[in-house]
Amino acid sequence: MRLRHLALTLAIPLAAPANAQLFSPLIERGIRFARDSQALPQQDQGNPTQPTGGPLPPAKRSGDLPKPGPLGPEGGGFKLIHSGGILNATGRFLHLTGGVEFTDRGYHVWADEAYGDRGTDTYTLKGNVIVVGQDESIYGDTVQVDFQRRTFVAESAETTLKPALVKGRLKGNLYMKALKAYGSEREIFGESTSSTTCSYPEPHFEIIAEKTDVRPGRRVIFRKVKLRLLGHTILRLPFLSIPLDQRTYNNLPEVGKGQLEGYFIKNRYGVPLAGNSAINTRLDYYSKLGTGYGGDWTYENRNLRGIFRAFTITGPHNQLELISQHRENFGKLAVTLDSAFEKDNYLISSNGMLINLRALALLPQGLSSTRLSLFRTSSTTGGANSLQQTINLNDNRFFSKRLSYTLDLANSRSAASFGPGQDVHRQQLDVNFRAAGDLDKAQARLDYIRSIPIGESSNFFTTSDITPSLSLLSDARRLFGAGFEKSLPFQTELSWGEYGDPVTKGRITRSNFDFRFQNPLRSAKRFSINYQGDFRQGVYSDNTAQYTLQYGTQISYRFTRDTAFNIRYNYLRPYGFTPLQIDRRGRTNNITSDLAFHPFRNATLGAQTGYDFNVARQMSSFKISPWQQVGLRGEYGLGRWFNFRALSTYDTTRHAYSSTRLDLTYIPGATYLSIGAKYDGIRKQWAAANLFLDGLAIGRLRASVLLNYNGYLKRFEAEHFSFIYDLHCGEAILQILNTPTGFRSGRTIVFFFRLKALPFDTPFGTGQRGQPIGTGTGRDY
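Residues numbered from 1 in each chain as written. Predicted model: local features only at pLDDT ≥ 70, side-chain atom pairs only at ≥ 80, totals over all residues. Heavy atoms only, no water.

### Here we look at the overall build of the protein
Convention followed: In this text, helices come from DSSP runs of H or I with a minimum length of four residues, and strands from runs of E with a minimum of two, each type numbered from the N-terminal end. Summary of the burial criterion: residues with accessible area below 20% of their type's maximum are buried, those above 50% are exposed, and those between are partly exposed, where the area comes from a 1.4 Å probe applied to protein chains only. Any two residues whose heavy atoms approach within 4.5 Å are treated as being in contact. Methods summary: accessible areas were calculated by the Shrake-Rupley approach with a probe of 1.4 Å, and residue burial reflects only the protein chains presented.
Counting secondary structure elements, the protein contains four helices and 45 strands. Here the protein holds 781 residues, and the buried ones make up 42% of them. For the protein, the proportion of contacts with a sequence separation of at least 24, taken over those separated by at least 6, is 45%. When the accessible surface of the protein is split by element, carbon and sulfur atoms take 57% of a total near 40,600 Å².

### Some words on the pattern of salt bridges
Applied cut-off: Throughout this description, the term salt bridge denotes a Lys or Arg side-chain nitrogen within 4 Å of a carboxyl oxygen of Asp or Glu.
For the coordinates displayed, the defined rule picks out 22 salt bridges. One salt bridge connects Asp344 with Lys343, and the closest N-O pair in it is separated by 3.2 Å. Given a relative accessible area of 14%, Asp344 falls into the buried group. With a closest N to O distance of 2.8 Å, Asp440 and Arg402 form a salt bridge. Of this pair, Asp440 sits in the loop between strand E27 (423–438) and strand E28 (443–453) while Arg402 sits in the loop between strand E25 (384–398) and strand E26 (403–417), placing them 38 residues apart in sequence. Looking at Asp440, the relative accessible area reads 49%, which means it is partly exposed. Given a relative accessible area of 44%, Arg402 falls into the partly exposed group.

### Digging into the packing of aromatic side chains
Here a ring pair, both rings aromatic, is described through the centre-centre distance and the interplanar angle of the planes. Note the following rule: Two rings from Phe, Tyr or Trp (for Trp, the six-membered ring) form a pair when their centres sit within 6.5 Å of each other. Planes less than 30 degrees apart are called stacked, planes more than 60 degrees apart edge-to-face, and all others tilted. A ring is scored as having a charge over it whenever the NZ atom of a lysine or the CZ atom of an arginine sits within 6 Å of its centre and within 35 degrees of its normal.
Counted according to the given criterion, the structure contains 25 aromatic pairs. Between Tyr557 and Phe559 the ring centres are 5.6 Å apart and the planes differ by 75°, which places this aromatic pair in the edge-to-face class. Site record: aromatic cluster; members linked through ring pairs are Phe480, Phe484, Phe490, Phe515, Phe517 and Tyr531. Here the basic side chain of Lys266 rests over the ring of Phe264, its NZ or CZ set 4.9 Å away from the ring centre. Here the basic side chain of Arg282 rests over the ring of Phe311, its NZ or CZ set 4.0 Å away from the ring centre.

### Side note on the pairing of strand E23 (residues 352–365)
For clarity, the threshold we go by: Here, a strand pair is defined by DSSP locating no fewer than two bridges between the strands.
Relative to E23, strand E22 (residues 333–343) is paired through ten bridges, and the arrangement is antiparallel. Within the sheet, the bridge partner assigned to Asp338 lies in E23 and is Arg358. As paired elements, E23 and strand E24 (residues 368–381) share 14 bridges and run antiparallel to each other. Across the sheet, residue Ile355 finds its bridge partner in E24, namely Ser378. In textbook terms, the turn of a hairpin is the stretch between consecutive antiparallel strands, and for E23 and E24 this stretch comprises two residues, one of which, Gly366, has a positive phi near 70°.

### Structural notes on a nonpolar patch on the surface
Let me state the cut-off plainly: Patch rule: a residue counts if its relative accessible area is over 30% and it has no salt bridge; like charges are joined within 9 Å, and nonpolar side chains (Val, Leu, Ile, Met, Phe, Trp, Tyr) within 5 Å.
Together, Phe527, Ile529, Ile555, Tyr557, Phe559, Phe565, Phe597 and Leu605 give the surface a local cluster of nonpolar side chains, amounting to about 670 Å² of exposed area. Looking at the nonpolar patch, the elements with two or more residues in it are strand E32 (527–540) and strand E33 (545–560). Along the polypeptide, Tyr557 turns up in strand E33.

### Section: the confidence of the model for the protein
Rule in force here: pLDDT measures the predictor's confidence residue by residue and takes values from 0 up to 100.
Of the residues in the protein, 84% reach a pLDDT of 70 or more, and the chain-wide mean stands at 82. Of the regions scoring below 50 in pLDDT, residues 1–45 engages in 163 contacts with residues more than four places distant in sequence or in other chains. Ignoring residues within four places in sequence, the model shows residues 61–74, a span with pLDDT below 50, making 23 contacts including any to other chains.

### Things to note about the side chain of Asn738
In plain terms, the rule: Whenever two N or O atoms come within 3.5 Å, that pair is a polar contact, provided that in protein one can donate a hydrogen and the other can accept it, and provided that, for residues adjacent in sequence, both atoms are side-chain atoms.
With respect to the helices and strands, the residue Asn738 is situated in strand E44 (residues 730–739). Among the polar contacts listed, one links the side chain of Asn738 to the side chain of Glu719, at a separation of 2.7 Å. Sequence-distant contacts of Asn738, that is, excluding residues within four places in its chain, are made with Glu717, Ala718, Glu719, His720, Gly746 and Arg747.

### Things to note about the pairing of strand E8 (residues 122–132)
Judged from the three bridges that link them, strand E6 (residues 107–111) and E8 form a sheet pairing that is antiparallel. Residue pairing for E8: Val109 is matched across the bridge by Val131. With five bridges joining them, strand E7 (residues 113–117) and E8 adopt antiparallel strand pairing. Along E8, the bridge assignment pairs Asp117 with Thr122. Linking E7 back to E8 in an antiparallel pair, the connection comprises four residues, with Asp121 at a positive phi of about 55°.

### Digging into unusual backbone geometry
Put simply, Thr467 and Pro468 share a cis peptide bond, and its omega is -10°. Here Pro468 is to be found in strand E29 (residues 466–475). Residue Leu230 is not a glycine yet carries a positive backbone phi of 55°. For Leu230, the position within the fold is in the loop between strand E14 (219–229) and strand E15 (232–243).

### Overview of the side chain of Ser648
Considering the arrangement of structural elements, one finds Ser648 in strand E38 (residues 642–651). There is a polar contact of 3.2 Å between the side chain of Ser648 and the side chain of Thr660. Among residues more than four places away in sequence, those in contact with Ser648 are Val630, Gly631, Leu632, Tyr657, Ser659 and Thr660.

### A word on the state of the cysteines
Short version of the rule: Disulfide: a pair of cysteine sulfur atoms within 2.5 Å of each other.
Tallying each qualifying case throughout the model produces zero disulfides. No disulfide involves Cys198; its nearest neighbouring cysteine sulfur is the one of Cys729, lying 3.6 Å away. Look at Cys729 and you get buried, because its relative accessible area is 3%.

### Observations regarding the environment of Tyr725
Tracing the chain through its elements places Tyr725 in strand E43 (residues 715–727). Judged by its relative accessible area of 38%, Tyr725 falls in the partly exposed class. Separated by 25 residues in sequence, Tyr725 and Arg700 place their C-alpha atoms 5.8 Å apart. Once you skip the residues sitting within four places of it in the chain, Tyr725 turns out to touch Arg700, Leu701, Gly730, Glu731 and Ala732.

Here's what the structure looks like:
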């Protein structure tokens, strides 16, 4: 057994949103702002074959609460439900005592005493305060809220945040306490905070911090933080900065062994900076590569934000990595600048250099906008050099509702060198212009497309040139009204233009008429007929002409909602000759049909095939059957817990079943079983067999298995085993992942603890190239 990777980690990335985000509209807007403005792209949402762990812990209750009123801003302004004591009202000012209950802007509020300003929707709540929203509940001694500005100050507060509040960044409730918390939708601050996802009165774990700074959806920063586990402090840090936009971020050391790295240890440590900036340092050691060190600098203020990353390895292998992502606003002008420099990266190219640069400047002006961009990438590997560069200017202008234009200019350059005398170089300017005007009965459109060579470029020509083209486009509604369109919907186009000729490398003038009609309406009756057609006539300046006829129809008869018989006829044929590549069409003349019916309850049988008249006329001497492949399918299902499906394809030329696929899904309770197999009828052998068993429960232990067997190689390509032990709010996970063939083959053993409420992907169900492994069996899946 080759032990490729043995890792022991504590998976506590703390992808939590905040400690005192009180109001769901406030938080939703904050997360939306963070998602639109963050410097790093969103991560993948995870592998669907992730093993299923234990259920989330039951929610902690702080007493039975009355049902909250209407939620959201549409819930209206202040509405008093109950006041057990004195009601003092002077104009818009209120003072309520003796137990108060009211609603405002969709939030239900209880308190012993309340002071308020109905004009500004600001209130001070004292004594046994409860604020209930759609996705959270807040308990505290004193809470000051501004429902209009969505700001708050809370003292001795306890908050329950539900998963819906943070849009998938939590899978279970987050319970937070703070001696004092205050903030708005952009940023929340807390003092003497405690955070946990454990619902026990004495939680299994807590993250306690003297000060907490939360930027929803982007980052949470703890200062003077302690991690308490089972009532004991196991970790103290002066500073901890955790990204909320990186799914697989890990704050704790990782130890293991890799095929390329050898034995390794990877460390991250945060360094506090003033304002909204932070540095996460890295210090790694690889027995085969050497020592790696570097860090990520994250910076942000009102008009700019970004990340700069530097990392290097020195020792037996030398590597350098510099990456930056920068966003900045100059008034309405938004500027983006991304760059990457990779030298001798052992994961990409251990003996090469890669440079990427992307710059973008966008100036919106109402409906109009102007954009200037630059993309440049260059690489050097093993004596070969390559360069790709594009400078693009895009301008969209709307002069009125009837008149607009789009201009796109792109200067492209490519160069490559593979050795002495093997240089390749090409540079061109691409012009793409379109102007459109509304003429009531039609739309007028002017197009100009041209590629212009710059410098010396041998054999340069393009078939996409239009220099220029004027078109009039209309339809049945514009010409004859909505009533006529219902009976005969059609679109028509009349155009005249000059185009590139690929044969003479000159210019061809074309006059063109196009008329298209269709009846795509779906009938509610059992029997229906749908049809469509197209007539296109082109006349060219070299004394040639071509017209094209295209027609298609479908006749359907439905037995039930999901069973029917369909027959389709498709015809396409050009007549004449065209010198333009864009007008050249193939020939189609075939009929296809499919049938699906229920022979008995819960079972479906289906078949499909077709007949090609062109093949029958032209290829009969080659003994190629005009009958298309015959597809047969059968399915039997019992609700959601059992499904069996068989698909088979019969090759009418070889007179053999080319492939047969079998799928079975069985879901007895919380366990999920999926089996897939494929039989190669040409080679007469099983091509593949796959199995996925998930969530097999034995007490508090859940096991998952994923096996991929290659019948041609007579061996397994993937063997994944996962064992998850339920620890209430957490899980202990052991995974054994064996990949005996292919890229970076070997065996990985992983053991770690994770919190159930935090989204976190494991390596289970993922191949060595990052691809998901399921029960698919190839191209016929």
